[in-house]
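Structural features, examined
Chain by chain, the residues:
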Amino acid sequence: MHNKKWQSALTLALAAGGFGGISSGATAEASLPAPQHVAIDTSPASTDTDARVLAARRYAAFWNTGDAQFARQALSPAFVDRTLPAGRPQGVNGPLQASEGFRKAVPDLSAEVQDMTVAGDRVAVHLRFRGHFTGVFGQLQGKGQAIDFQAHDLYRIQDGRIAENWHLEDNLTLMQQLGAIPQ
């Protein structure tokens, strides 16, 4: 019931063009960005929610351990990286290659899920990566310096696996910690 009240309030707020008493006319409303996808989860916990959480946790386990088995369990064979970095192959092989390469630089890399939100077919995950730069990253040789940066992922889950991923990493902090750019 609480979720239905929240959904109704959100629907009314969106229809009114604002929140917190802010209303707008039709002209102002036309200039607002229209979301391509809005997910409002009003259903109670179910096995579907469990499957979405399991896929996200398996993918986090992959980043935490580097074990490709977790990635293969978590990612759909048709997986699409919607924020694909230059030089990384699309599909399941992209994350596998990225993990292998980064683990050469930071062999003790760990990933911790600090926050997870599940709504509809989407799972948002806030991750914290830590380790020590003791290997090689591009032209840089590590000196044992601590690595501690954050990332945020948004997954679309289909049939219990991650079908799409949008991700942002705190690359500025990472590059500073690696010594690639000054702090």
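The present account deals with the structure reproduced in this document.

Reading the values: the criteria
Per chain, residues are indexed from 1 in the order of the written sequence. It should be noted that, the model being predicted, local features are given only for residues of pLDDT at least 70 and side-chain atom pairs only at 80 or more, the latter also being counted only at that level, while totals for whole chains, interfaces and linings use all residues. Note: side-chain values were computed over all heavy atoms of the structure, leaving out hydrogens and water. Think of it this way: any DSSP run of H or I at least four residues long counts as a helix, any run of E at least two long counts as a strand, and we number them from the N terminus. Residue burial is assigned from relative accessible area. The probe radius is 1.4 Å, only protein chains are included, and a residue is buried under 20% of its type maximum, exposed over 50%, and partly exposed in between. Pairs of residues are marked as contacts when any of their non-hydrogen atoms sit within 4.5 Å. Exposure was quantified through the Shrake-Rupley algorithm and a 1.4 Å probe, taking into account, for residues, occlusion by the shown protein chains and nothing else. Buried Ala, Val, Leu, Ile, Met, Phe, Trp, Tyr and Cys residues form a nonpolar core when they are joined through side-chain atoms within 4.5 Å. As defined here, a cavity is a set of points on a 1 Å grid over the protein atoms alone where a 1.4 Å probe fits but cannot get out. A pocket is an open set with protein on both sides within 12 Å along at least five of seven lines, and residues line them when an atom is within 4 Å of a point. Grid points are joined across faces, edges and corners, and a volume is the space filled by probe spheres set on the points. Amino acid classes used here: Ala, Val, Leu, Ile, Met, Phe, Trp, Tyr, Cys and Pro are nonpolar; Asp, Glu, Lys and Arg are charged; the rest, including Gly, are polar. Stacked, tilted and edge-to-face are the three classes assigned to paired rings of Phe, Tyr and Trp, where Trp is represented by its six-membered ring and a pair needs centres within 6.5 Å; plane angles under 30 degrees give stacked, over 60 edge-to-face, the rest tilted. As used here, the arc is the angular range of directions from the helix axis to the C-beta atoms. A pair of strands is labelled paired if DSSP reports no fewer than 2 bridges between them. Orientation is described by lines fitted to C-alpha atoms, with helices fitted over the stretch in contact, and by angles between N-to-C directions that extend from 0 to 180 degrees.

The subject of this paragraph is the overall build of the protein. Counting its secondary structure elements, the protein contains six helices and seven strands. Written out in order from the N terminus, the α and β elements of the protein read α-α-α-α-β-α-β-β-β-β-β-β-α. Sorting the 183 residues of the protein into buried and exposed places 32% on the buried side. Within the protein, residue pairs in contact and separated by at least 24 positions form 54% of the contacts whose partners lie at least 6 positions apart. Here the protein has roughly 10900 Å² of accessible surface; of this, 55% comes from carbon and sulfur atoms.

The next thing to look at is the nonpolar core. In terms of nonpolar packing, the biggest core is built from 31 residues, with Tyr59, Trp63, Leu75, Phe129, Ile147, Tyr155 and Ile162 touching the most fellow members. Listing elements by their share of this core, those giving two or more residues are helix H3 (47-65), helix H4 (68-74), strand S1 (75-81), helix H5 (93-105), strand S3 (122-133), strand S6 (145-158) and helix H6 (171-178). Beyond its immediate stretch of four places on either side in the chain, Tyr59 contacts Ala74, Leu75, Phe79, Pro95, Asp153, Tyr155, Ile162 and Asn165.

Below, the discussion takes up the layout of surface pockets. There is about 470 Å³ of room inside the largest pocket. Surrounding the largest pocket, 24 residues form its lining, Trp63, Arg88, Ala98, Phe149 and Glu169 being those nearest its centre. Broken down by secondary-structure element, the contributors of at least two residues to the lining of the largest pocket are H3, S1, H5, S3, S6, strand S7 (161-169) and H6. Looking at the lining of the largest pocket, the element that brings in the most residues is H5, giving five residues. The residue inventory of the lining of the largest pocket, partitioned by class, reads 15 nonpolar, five polar and four charged.

What follows covers the packing of aromatic side chains. A ring pair, where both rings are aromatic, is described by two values, the distance of the centres and the angle of the planes. Following the criterion strictly, the structure yields eight aromatic pairs and no others. Aromatic pair Tyr59 and Trp63: ring centres 6.0 Å apart, planes at 75 degrees, arrangement edge-to-face. Taken together, the positions of Tyr59 and Trp63, both in helix H3 and four residues apart, correspond to about one turn of that helix. For Tyr59, a relative accessible area of 2% gives the class buried.

Let us now look at H6. Listing the buried residues of H6 in full gives Leu174, Gln177 and Leu178. Considered in projection along H6, the buried side chains sweep an arc of 100 degrees and stay on one side of the axis. Those residues of H6 hidden inside the fold are in contact with H5, S3, strand S4 (136-137), strand S5 (140-141) and S6. Following H6 by one or two positions, Gly179 has its phi on the positive side, about 90 degrees.

The next thing to look at is the pairing of S6. Relative to S6, S3 runs antiparallel, the two sharing 12 bridges. Looking across to S6, one finds that His132 is bridged to Ala146. Pairing analysis gives eight bridges linking S6 to S7, with the strands arranged antiparallel. Looking at the pairing, Ile157 lines up with Ile162 of S7.

Across the sheet, five strands lie side by side as S1-S7-S6-S3-S2; this open sheet has mixed pairing. Edge positions in the sheet fall to S1 and strand S2 (110-119), since each of these pairs with one other strand and no more. With direction set aside, neighbouring strand axes in the sheet form an average angle of 25 degrees. Across the sheet, H6 touches S3, S6 and S7, and the angle it forms with S6 is around 150 degrees.

We now examine the pairing of S2. Bridging between S2 and S3 involves nine bridges; their strand directions are antiparallel. Residue pairing in the sheet places Val118 in a bridge with Val123 of S3. Counting the residues between successive antiparallel strands, the hairpin from S2 to S3 contains two residues, one of them, Gly120, with a positive phi of roughly 60 degrees.

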